[in-house]
Amino acid sequence: RIKQADVVLLPYPLGMPMTKEVRLNDLERYSKVTDRGGPAMTWGMHAIGYIEAGKGYEAQVAANFNRSFANVKQPFLVWTETPAGG
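Reference entry: report on the structure contained in this document. (Residues numbered from 1 in each chain as written. Predicted model: local features only at pLDDT ≥ 70, side-chain atom pairs only at ≥ 80, totals over all residues. Heavy atoms only, no water.)

Here we take up the side chain of threonine 42. Of note, threonine 42 is situated in helix 2 (residues 40–53). Setting aside residues no more than four positions away along its own chain, threonine 42 makes contact with Lys3, Gln4, Ala5 and Thr34. (Helix = DSSP H or I, 4+ residues; strand = E, 2+ residues; numbered from the N terminus. Contact = heavy atoms within 4.5 Å.)

Structure, rendered in C-alpha coordinates:
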(Lines give C-alpha, C1' and ligand atoms only; values in the text may rest on other atoms or scores of the structure.)
Protein backbone atom coordinates (compact mmCIF):
# COMPACT_ATOMS: atom_id res chain seq x y z
CA ARG A 1 0.00 0.00 0.00
CA ILE A 2 1.09 3.55 -0.76
CA LYS A 3 0.58 6.13 1.97
CA GLN A 4 0.07 9.26 -0.10
CA ALA A 5 -0.29 10.74 -3.57
CA ASP A 6 3.37 11.05 -4.56
CA VAL A 7 2.99 10.38 -8.31
CA VAL A 8 -0.34 12.21 -8.33
CA LEU A 9 1.53 15.35 -7.18
CA LEU A 10 3.81 15.46 -10.25
CA PRO A 11 1.60 17.58 -12.54
CA TYR A 12 0.14 19.70 -9.74
CA PRO A 13 1.71 21.34 -7.84
CA LEU A 14 5.08 20.29 -9.27
CA GLY A 15 4.17 21.19 -12.86
CA MET A 16 5.55 18.10 -14.63
CA PRO A 17 4.05 18.04 -18.12
CA MET A 18 2.12 14.93 -19.11
CA THR A 19 -0.69 13.98 -21.41
CA LYS A 20 -4.26 13.66 -20.18
CA GLU A 21 -4.05 9.92 -20.83
CA VAL A 22 -0.98 9.51 -18.60
CA ARG A 23 -2.56 11.69 -15.90
CA LEU A 24 -5.73 9.62 -15.87
CA ASN A 25 -3.76 6.36 -15.86
CA ASP A 26 -1.78 7.58 -12.83
CA LEU A 27 -4.95 8.59 -10.99
CA GLU A 28 -6.64 5.27 -11.73
CA ARG A 29 -3.62 3.15 -10.84
CA TYR A 30 -2.74 4.99 -7.64
CA SER A 31 -6.32 5.18 -6.36
CA LYS A 32 -6.30 1.35 -6.28
CA VAL A 33 -3.04 0.98 -4.33
CA THR A 34 -3.18 3.98 -1.99
CA ASP A 35 -3.93 3.26 1.67
CA ARG A 36 -7.49 4.39 2.43
CA GLY A 37 -6.30 5.18 5.95
CA GLY A 38 -3.75 7.69 4.68
CA PRO A 39 -3.64 11.49 4.70
CA ALA A 40 -6.63 13.55 3.56
CA MET A 41 -4.32 15.46 1.21
CA THR A 42 -4.01 12.35 -0.91
CA TRP A 43 -7.69 12.32 -1.85
CA GLY A 44 -7.78 16.09 -2.31
CA MET A 45 -4.95 15.76 -4.83
CA HIS A 46 -6.84 13.03 -6.65
CA ALA A 47 -9.85 15.37 -6.82
CA ILE A 48 -7.67 18.13 -8.30
CA GLY A 49 -6.34 15.67 -10.87
CA TYR A 50 -9.83 14.76 -12.00
CA ILE A 51 -10.83 18.45 -12.07
CA GLU A 52 -7.92 19.06 -14.44
CA ALA A 53 -9.09 16.14 -16.60
CA GLY A 54 -12.19 18.16 -17.41
CA LYS A 55 -15.77 17.37 -18.23
CA GLY A 56 -16.94 13.82 -17.65
CA TYR A 57 -15.03 13.20 -14.41
CA GLU A 58 -17.40 14.94 -11.99
CA ALA A 59 -18.20 11.70 -10.13
CA GLN A 60 -14.50 11.01 -9.49
CA VAL A 61 -13.98 14.61 -8.35
CA ALA A 62 -16.85 14.38 -5.87
CA ALA A 63 -15.87 10.93 -4.57
CA ASN A 64 -12.27 11.92 -3.89
CA PHE A 65 -13.16 15.32 -2.45
CA ASN A 66 -15.66 13.74 -0.08
CA ARG A 67 -13.24 10.95 0.87
CA SER A 68 -10.80 13.53 2.25
CA PHE A 69 -13.35 14.54 4.88
CA ALA A 70 -12.96 11.19 6.67
CA ASN A 71 -10.01 12.87 8.40
CA VAL A 72 -12.12 15.64 9.98
CA LYS A 73 -12.96 15.02 13.65
CA GLN A 74 -15.76 16.39 15.79
CA PRO A 75 -16.53 18.41 17.78
CA PHE A 76 -14.12 21.07 16.49
CA LEU A 77 -13.68 19.81 12.90
CA VAL A 78 -9.95 19.23 13.40
CA TRP A 79 -8.11 17.61 10.46
CA THR A 80 -6.05 14.57 11.46
CA GLU A 81 -3.30 12.74 9.60
CA THR A 82 -5.44 9.62 9.21
CA PRO A 83 -9.17 8.83 9.41
CA ALA A 84 -8.49 7.04 12.71
CA GLY A 85 -6.85 10.16 14.17
CA GLY A 86 -3.22 10.84 14.90
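Now that the structure has been shown, we can carry on.
Among the nonpolar cores identified, the biggest contains twelve residues, and these are Ala5, Val7, Val8, Leu9, Leu24, Leu27, Tyr30, Val33, Met45, Tyr50, Ala53 and Val61. Mapped by element, the contributors of at least two residues to this core are helix 1 (20–33) and helix 2. When residues in this core are grouped by element, the largest group, four residues, is from helix 1. When near neighbours in sequence (up to four residues on either side) are disregarded, alanine 5 contacts Thr42, Met45 and His46. (Core = buried A, V, L, I, M, F, W, Y, C linked by side-chain atoms within 4.5 Å. Buried < 20%, exposed > 50% of the residue type's maximum accessible area, 1.4 Å probe, protein only.)

What follows concerns the packing of aromatic side chains. Under the defined criterion, the tally for this structure stands at three aromatic pairs. Ring plane angle 65° and centroid distance 5.2 Å describe the contact between phenylalanine 65 and phenylalanine 69, whose orientation is recorded as edge-to-face. Of the residues examined, phenylalanine 65 reaches a relative accessible area of 46% and is grouped as partly exposed. A residue is classified by how much of its surface remains accessible, and phenylalanine 69, at 39% relative accessible area, is partly exposed. Measuring from centroid to centroid gives 5.3 Å for phenylalanine 69 and tryptophan 79, while their planes differ by 50°, and the two rings are tilted. With phenylalanine 69 in the loop between helix 3 (58–67) and strand 1 (72–73) and tryptophan 79 in strand 2 (residues 78–79), this pair connects stretches of sequence that are ten residues apart. Counting every residue linked through ring pairs, the aromatic cluster contains Phe65, Phe69 and Trp79. Sitting over the ring of tryptophan 43, arginine 67 keeps its end group 4.4 Å from the ring centre. (Phe/Tyr/Trp six-rings, centres within 6.5 Å; stacked < 30°, edge-to-face > 60°. Lys NZ or Arg CZ within 6 Å of the ring centre and 35° of its normal.)

Let us look at helix 1. The terminal C-alpha atoms of helix 1 lie 20 Å apart, and with 14 residues this matches the ideal 20 Å at 1.5 Å per residue to within 8%. All buried positions along helix 1 are accounted for by Arg23, Leu24, Asp26, Leu27, Tyr30, Ser31 and Val33. For helix 1, the elements touching its buried residues are helix 2. (Expected span 1.5 Å × (residues − 1).)

Within the element layout of this structure, threonine 80 appears in the segment after strand 2. For threonine 80 and aspartate 6, which are 74 residues apart along the polypeptide, the C-alpha to C-alpha distance reads 19 Å. Setting aside residues up to four positions removed in sequence, threonine 80 forms contacts with Asn71, Lys73, Gly85 and Gly86. Among the polar contacts made by the side chain of threonine 80, one reaches the main-chain carbonyl oxygen of threonine 82 at a distance of 2.6 Å. (Polar contact = N/O pair within 3.5 Å; in protein donor to acceptor, adjacent residues only side chain to side chain.)

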